[in-house]
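Fold and contact review
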Amino acid sequence: MSKPIDGFSKLSKSKKIDWIVDTYFSNTESAKSVLKQYWNSNEKLQQLHDEFIENTITNYYLPLGVAPNFLINNKLYTIPMAIEESSVVAAASKAAKFWMDRGGFKTKVLSTTKIGQVHFNFLGDVKKLAHFFNHVKPKLILDCKDITQNMSKRGGGILDIELRDKTSEIEHYYQLHASFETLDAMGANFINSCLEQFAETFKTEAQKFDLFSEEEKQIDIIMSILSNYVPNCLVRAEVSCKVDALGDGDTMSGKDFAKKFVQAVNIAEVEPFRAVTHNKGIMNGIDAVILATGNDFRAVEAGVHAYAARNGKYSSLTHAKVEDDMFTFWIEIPLALGTVGGLTGLHPLVKLGLELLNEPSAKELMQIVAVAGLAQNFAALRSLTTTGIQQGHMKMHLMNILNQFEANASEKEALVKHFENHTVSHSAVSEALNQLRLNLEK
Ligand code: MEV
């Protein structure tokens, strides 16, 4: 059993590592060297990473890949993706190429409003509260002037504030429900700063409001925080083509493929067990671009899944139909993204990723990210409804298995060739590698 430690965050990095390895590892030197091999020799860069969070002991690498050939609204993109899952970038690239030859992706930002709330308790007459709210609303906005002036100059800011009565759910509970336009910023700091100012003004002004009784003057602020549920910050991406153009000209006709594909989407629309996996595949594409562009994937995940359940039952984020011989496949998702602020101007790889995308606005990034999700879902459903997922998945996973067995370069080359027409499994790779090594010994 390890002992608790006081003042850990105050220790130097090397003292932190000493404590960790001495407390938890039997081979302290080996643990230290694993941690240290990920340190960057560029001290400034390492310091930048050290200072992103508290108690940094090393860096955690993820591969950064790119998926080229994404034709979006007639403009070609190469999309950066940070992800560890072997088949994701390959699948995205394949779907991009497929749709590039069929007119590409069409996208549209439907709305960009973000939400934040001040949650508070009020004991008293709701009519008087409504009266107070109308009286104080201009001041709520005015008192935020220092926070909002730059954003307002660029055309964003506070859009509206409503008073919401939630007392049917929790006794005495109300909200200031505010909407914001944060332009190219994800806006979390901006929104939270405004909300905290609203709370301050609301509480202070209540104490001066003559119509309130002494009890009513004591507004109890519970918390002020943005919402990561952004159903009015929505983007749509779509692909479509003639049903015949979907066929592979070999094993399956376009018509049969479209029929199976649409049913696969319909299943995810009605069956939550399938919808979760279906949407997970979409998030494979979305999260990878979100990470590569320095955005907050936890916020996006939480908001997207809430949206998937908005009708009371968890359902598919994508939809598909065949009408008049045209196949259409689309996604509509809430995405609160930023291309300024946060990590975007700080992390060298994020800056590079955004430059690769030609310095997109937040709206443009919403469209690129939605496309990455749609493409990923298309690739997954195409495999699932034709060859099955394992064929492509295991082919991509082959390199991981070979690395686990410490195969050298020539063994890898031989086995990649061998598995071009053999089924990949852990045991099959182990057997083939043993055989290869035995043959070499002979
Ligand atoms: C695997 O990461 C994602 C899939 O399971 C998605 C899906 O089933 O649609 C292949």
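Everything here concerns the structure above.
Here's a quick rundown of the structure. Source: prediction; values computed, not measured. (Residues numbered from 1 in each chain as written. Predicted model: local features only at pLDDT ≥ 70, side-chain atom pairs only at ≥ 80, totals over all residues. Heavy atoms only, no water.)

**Quick look at helix α11 (residues 297-308)**
For an α-helix, 3.6 residues make a turn, and residues three or four places apart therefore share a direction. With 12 residues, α11 ought to run about 16 Å at 1.5 Å a step, and its terminal C-alpha atoms sit 16 Å apart, in line with that. Taken together, the buried positions of α11 are occupied by Ala299, Val300, Gly303, Val304, Tyr307 and Ala308. Projected onto a plane normal to the axis of α11, the buried residues spread over an arc of 160° and lie on a single side. On its buried face, α11 is in contact with β8 (234-242), α10 (272-292) and β10 (326-334). (Helix = DSSP H or I, 4+ residues; strand = E, 2+ residues; numbered from the N terminus. Expected span 1.5 Å × (residues − 1). Buried < 20%, exposed > 50% of the residue type's maximum accessible area, 1.4 Å probe, protein only. Arc of directions from axis to C-beta. Contact = heavy atoms within 4.5 Å.)

**What to know about the environment of Lys145**
Looking at the secondary structure, you find Lys145 in helix α6 (residues 145-153). As for Lys145 and Glu431, which are separated by 286 residues in sequence, their C-alpha atoms are 70 Å apart.

**Points about the site of the ligand**
Neighbouring the ligand are the residues Glu85, Arg274, Thr277, His278, Lys280, Gly281, Asn284, Ala380, Leu384 and Ile389. Here Glu85 contributes a side-chain N or O atom positioned 2.6 Å from an oxygen atom of the ligand. Arg274 places a side-chain nitrogen or oxygen 2.7 Å from an oxygen atom of the ligand. For the ligand, the accessible surface in isolation is 300 Å², of which the surrounding protein chains cover 85%. (Near = heavy atom within 4 Å. Polar contact = N/O pair within 3.5 Å; in protein donor to acceptor, adjacent residues only side chain to side chain. Areas by Shrake-Rupley, 256 points an atom, 1.4 Å probe, with all protein chains shown as cover.)

**Points about the pattern of salt bridges**
When the charged atoms of two side chains lie near each other, side chains of opposite charge can form a pair. Under the criterion given, the structure shown has 16 salt bridges. Of the charged contacts in the structure, one is a salt bridge between Asp50 and Lys13, with a shortest N-O distance of 3.0 Å. Residue Asp50 is located in helix α3 (residues 43-50), and its partner Lys13 is located in helix α1 (residues 13-24); the two are separated by 37 residues in the primary sequence. Classification of Lys13 as buried rests on a relative accessible area of 19%. A salt bridge links Arg437 to Glu411; the shortest N-O distance between them is 2.9 Å. Remark: Glu411 occurs in helix α15 (residues 409-418) and Arg437 occurs in helix α16 (residues 426-441); sequence separation between them is 26 residues. (Salt bridge = Lys/Arg side-chain N within 4 Å of Asp/Glu carboxyl O.)

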